[in-house]
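Residue-level listing of the chains:
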Amino acid sequence: MVVDVDGVLSDASRRQHLLAGEVRAWDRFFEASVTDPPIPEGIRLVEHLVGGRTTILLTARPARLVGTTTAWLDRHGVEWDMLVMRADGDHRSSPDVKATALAGLRADGHQVELAVDDDPRNAEMYQSAGVPTVYLHSGYYDL
Ligand SMILES: [Mg+2]
């Protein structure tokens with residue numbers, strides 16, 4: 001199953017203001033992810049849903065944050081099998097990035113039976129790709 005990070009496992013609400021200005025401070029926004037608090041209910045929900053499936057974390061965070069992201073996951077006891085991130089320099093929307101990643105996972109032989117995401121655009125994308133989706137409402141959707 002594929003699981004989003006921001007808004008599902010990690011609470012990115014405290015850094016959304018960095019995207020609110022006229023010039024969106026994407027670098028500072030991403031760097032601030034290291035201090036995000038966890039979302040315990042989201043982490044527990046994923047633990048209950050996984051049921052022996054492979055947990056593929058699929059995030060629109062750029063790949064340059066792989067070190068801080070994996071350290072954050074370890075620090076908060078999140079279990080995962082695979083981490084798929086946005087390629088650095090890929091400025092497409094989250095659903096476009098995730099649709100491409102989903103196609104790549106399927107091409108590699110991964111069965112994607114379920115998705116968990118807090119972005120309604122991603123939920124729609126997963127649904128249209130035939131993946132049942134659990135939608136969590138975070139209230140912010142940029143990442
Ligand atoms: Mg999200």
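Here the residue numbers are simple positions, counted from 1 along each chain's written sequence. Totals for whole chains, interfaces and linings use all residues, but because this is a predicted model, local features are given only for residues with pLDDT of at least 70 and pairs of side-chain atoms are given and counted only at 80 or more. To get the side-chain values, all heavy atoms of the structure are used, and hydrogens and water are removed first.

(A) Examining the coordination of the magnesium ion more closely. For Na, K and Ca the donor cut-off is 3.2 Å; for every other metal, N, O and S atoms count as donors within 2.8 Å. Water does not enter the count, which can leave sites looking incomplete. Within the first shell, the magnesium ion binds the protein through Asp 4 (OD), Asp 6 (O) and Asp 118 (OD), at distances of 2.0 to 2.2 Å. Taken in chain order, the donor set of the magnesium ion reads D-x1-D-x111-D. By relative accessible area, Asp 4 is classed as buried at 2%. What makes Asp 6 buried here is its relative accessible area of 0%. Note on exposure labels: buried denotes an accessible area under 20% of the residue type's maximum, exposed denotes more than 50%, and partly exposed covers the range between, all computed with a 1.4 Å probe on protein chains only.

(B) Geometry of the nonpolar core. As used in this record, nonpolar core signifies buried Ala, Val, Leu, Ile, Met, Phe, Trp, Tyr and Cys residues forming a set joined through side-chain atoms within 4.5 Å. Counting residues in hydrophobic clusters, the biggest one holds 22 residues, and the most contacted among them are Val 3, Leu 9 and Leu 57. Numbering of helices and strands runs from the N terminus; a helix is a DSSP stretch of H or I covering at least four residues, while a strand is a stretch of E covering at least two. Contributing elements (two or more residues each) for this core: helix H1 (26-31), helix H2 (40-50), helix H3 (66-75) and strand S3 (82-86). Top contributing element to this core by residue count: H2, with 3 residues. Counting 12 residues, the second largest nonpolar core, distinct from the first, contains Val 2, Ile 56, Met 125 and Val 131.

(C) Geometry of the side chain of Arg 61. Along the chain, Arg 61 falls in strand S2 (residues 56-62). On the basis of relative accessibility, which here comes to 1%, the residue Arg 61 falls in the buried class. Within the local environment of Arg 61, its side chain forms a polar contact with the side chain of Thr 69, the two groups lying 2.9 Å apart. By the criterion applied in these results, polar contacts are pairs of N or O atoms within 3.5 Å in which, for protein atoms, one can donate a hydrogen and the other can accept it, and in which residues neighboring in sequence qualify only through two side-chain atoms.

(D) Just the pattern of salt bridges, in detail. The salt bridge definition used is simple: a Lys or Arg side-chain nitrogen within 4 Å of an Asp or Glu carboxyl oxygen. Here the structure, examined in full by the defined rule, presents 11 salt bridges. Here Asp 36 ties to Arg 61 by a salt bridge, and the two come within 3.8 Å at their closest N and O atoms. Within this pair, whereas Asp 36 is found in the loop between H1 and H2, its partner Arg 61 is found in strand S2, the two being separated by 25 residues in sequence. Here the two residues Asp 36 and Arg 61 agree in accessibility, since each one is buried.

Any functional reading would require information beyond the geometric quantities listed.
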